[in-house]
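Close look at the chain arrangement
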Amino acid sequence: MSEIATHFYAGILALQSENLSQAEKNFQFILNINPDHVPTLINLGALELKRGAGQMAIAYFTQVLILDENNVMARQNLAATFMHYDRFENAMTHYEELKKQNCLETEDFYNMGVASAALGQLSVAKDYYQQVLALDETHNAALNNLAALHIRLGQRSDAIDLLQRALQVKPQDSASQFMLDVLTNNKQNPMASQDYVRNLFNNYALYYEQHLQKILKYSLPEQALTVLHELQFNQFKTVLDLGCGTGLSGIALRACSQHLIGVDLSKKMLSQAHDKHIYDDLIEADIVSFLSDDSHNYDLIQALDVLPYFGELENLVNKIIPRLTTQGILLFSAEISEDQPWQIQDSMRFCHDPNYIRSILEGHGLKELYRSRVIARQENEQNLYAILLAYQK
């Protein structure tokens with residue numbers, strides 16, 4: 001066995017056993033002899049991915065393609081790496097090259113669907129998910145994502161069929177069950193699903209702000225800040241932004257916050273918020289779990305566009321109240337139910353009766369400071385009204 005082959009085999013064994021430093025020594029030994037050894041370059045890229053060094057991995061895979069532009073493994077790895085770091089346009093460039101080579105696999109088609117949806121190209125994403133299901137009719141993620149696209153496109157019966165298929169594959173899938181219950185009116189008020197919310201916003205993160213601001217005309221953060229000024233609350237020592245998303249509400253809050261913390265369920269939404277450099281801390285967690293574990297108190301807790309992802313509110317309020325300082329402010333919005341304490345809507349968002357909200361908060365001794373019916377955003381080119389409320393402990 002040649003010296004290169006010996007070190008390559010040793011490097012592969014070390015990589016498989018997660019001994020990354022030893023694997024690197026063996027691979028670098030080979031590159032000192034042959035800097036263009038393609039299998040070694042590919043495995044060094046894989047090694048850097050294990051370390052979380054995406055840019056280094058990209059450099060190795062790119063070097064392989066310079067040496068051999070038709071290397072399928074390097075291009076697949078490069079495309080998948082770009083997907084991991086939400087560089088969807090870069091990923092699509094390489095998937096298109098693989099398509100020309102007729103080298104796309106099932107997961108490649110799925111990633112192309114994810115990338116297209118993230119870029120707002122819904123009909124293109126739909127086609128790719130359908131290609132996934134043509135290759136593997138039990139692909140649960142494709143079934144779920146395609147169902148979600150059909151819902152957004154108003155194709156209810158197609159969505160129901162896909163969700164039923166998804167639940168046959170994975171009966172405990174709470175996201176699929178939640179969407180199916182809403183679409184089929186299986187339950188008057190189905191339980192909210194954290195998995196549904198997490199998937200929704202992870203898939204929505206890249207074009208969330210553009211869609212929310214330019215298409216939906218979302219303005220709750222600015223309206224909330226105006227409320228604080230009207231109430232003459234201009235500075236807070238500690239502020240908690242629940243469901244902070246990409247940080248739109250944090251932009252408004254930053255000027256009146258000495259210490260600003262954001263909490264959100266979606267890792268990809270938090271990544272967008274992190275890039276704004278406006279929060280002192282960002283925490284990935286569901287709101288109830290965070291509030292249960294947190295021991296800090298806050299002068300202001302804001303929860304804009306959060307209640308639509310909760311049904312009954314007693315449990316949530318029970319977690320929020322202890323986290324408010326004496327005379328702390330709770331500022332939040334809710335979509336409006338006219339005839340039920342709370343109910344699910346066709347949008348898969350919950351709405352709440354303002355009197356139901358008042359009874360819970362006043363039952364905990366909070367005092368209402370502000371209440372107003374406002375235009376939260378546009379939906380189907382119509383004004384969507386919400387109620388904006390401020391309470392004090």
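All of the points below concern the structure found in this document. (Residues numbered from 1 in each chain as written. Predicted model: local features only at pLDDT ≥ 70, side-chain atom pairs only at ≥ 80, totals over all residues. Heavy atoms only, no water.)

A short note on the overall build of the protein
Let me state the cut-off plainly: Per the convention used, a helix needs a DSSP run of H or I reaching at least four residues, while a strand needs a run of E reaching at least two, with both numbered from the N terminus. Three exposure classes are used, based on accessible area relative to the maximum for each residue type with a 1.4 Å probe and protein chains only: buried under 20%, partly exposed in between, and exposed over 50%. Contacts were defined at the residue level, with two residues in contact if any of their heavy atoms lie within 4.5 Å. Residue exposure ignores everything except the shown protein chains as possible cover, and the areas themselves are Shrake-Rupley values with a 1.4 Å probe.
Assigned secondary structure in the protein consists of 19 helices and nine strands. In terms of overall dimensions, the protein has C-alpha extents of about 80 × 50 × 35 Å along its principal axes. The proportion of buried residues among the 393 residues of the protein is 50%. Here the analysis covers contacts within the protein between residues at least 6 apart in sequence; of these, 56% occur between residues at least 24 apart. Accessible surface computed for the protein: about 18600 Å², of which carbon and sulfur atoms make up 48%.

Quick notes on the pairing of strand S8 (residues 367-379)
Our working definition: Strand pairing is defined by DSSP finding a minimum of two bridges between the two strands.
Both S8 and strand S9 (residues 382-392) contribute to a ladder of eleven bridges, which runs antiparallel. Directly across from Val374, in S9, lies its bridge partner Ala386.

Let's talk about the environment of Val38
On the secondary structure map, Val38 appears in helix H3 (residues 38-51). Separated by 65 residues in the primary sequence, Val38 and Cys103 have C-alpha atoms spaced 19 Å apart. Ignoring anything within four residues of it in the chain, the contact list for Val38 reads Val64, Leu67 and Asn71.

Some details on the pattern of salt bridges
Rules: We define a salt bridge as a side-chain nitrogen of Lys or Arg found within 4 Å of a carboxyl oxygen belonging to Asp or Glu.
A full pass over the atoms with the stated rule returns 14 salt bridges. As a salt-bridge pair, Glu209 and Lys276 come within 2.3 Å of each other at their nearest N and O atoms. Taken together, the residues span a long stretch of sequence, with Glu209 in helix H13 (residues 208-215) and Lys276 in the loop between helix H16 (267-274) and strand S3 (281-284) at a distance of 67 residues. The shortest N-O distance in the salt bridge between Arg377 and Glu335 comes to 3.3 Å. Within this pair, whereas Arg377 is found in strand S8, its partner Glu335 is found in strand S5 (residues 324-335), the two being separated by 42 residues in sequence. A single burial state applies to Arg377 and to Glu335, both of which are buried. Sharing partners across several salt bridges, the network here consists of Asp305, Glu335, Arg349, Arg377 and Glu379.

Some remarks on the sheet that holds strand S4 (residues 298-303)
Formally: Only C-alpha atoms enter the line fits that serve as axes; for helices the fit covers just the stretch in contact. Angles between N-to-C directions range over 0 to 180 degrees.
Taken in spatial order, the seven strands of this open sheet run S3-S2-S1-S4-S5-S9-S8, and their pairing is mixed. The sheet terminates laterally at S3 and S8, the two strands that pair on one side only. Sheet twist, expressed as the mean angle between neighbouring strand axes with direction ignored, is 15°. By the bridge criterion, seven bridges tie S5 to S9 in an arrangement that is antiparallel. Considered in S9, the bridge of Leu331 is made with Ala390. Contacts between helix H14 (residues 220-230) and the sheet are confined to strand S1 (236-242), S4, S5, S8 and S9, with S8 contributing the most and set at about 155° to the helix.

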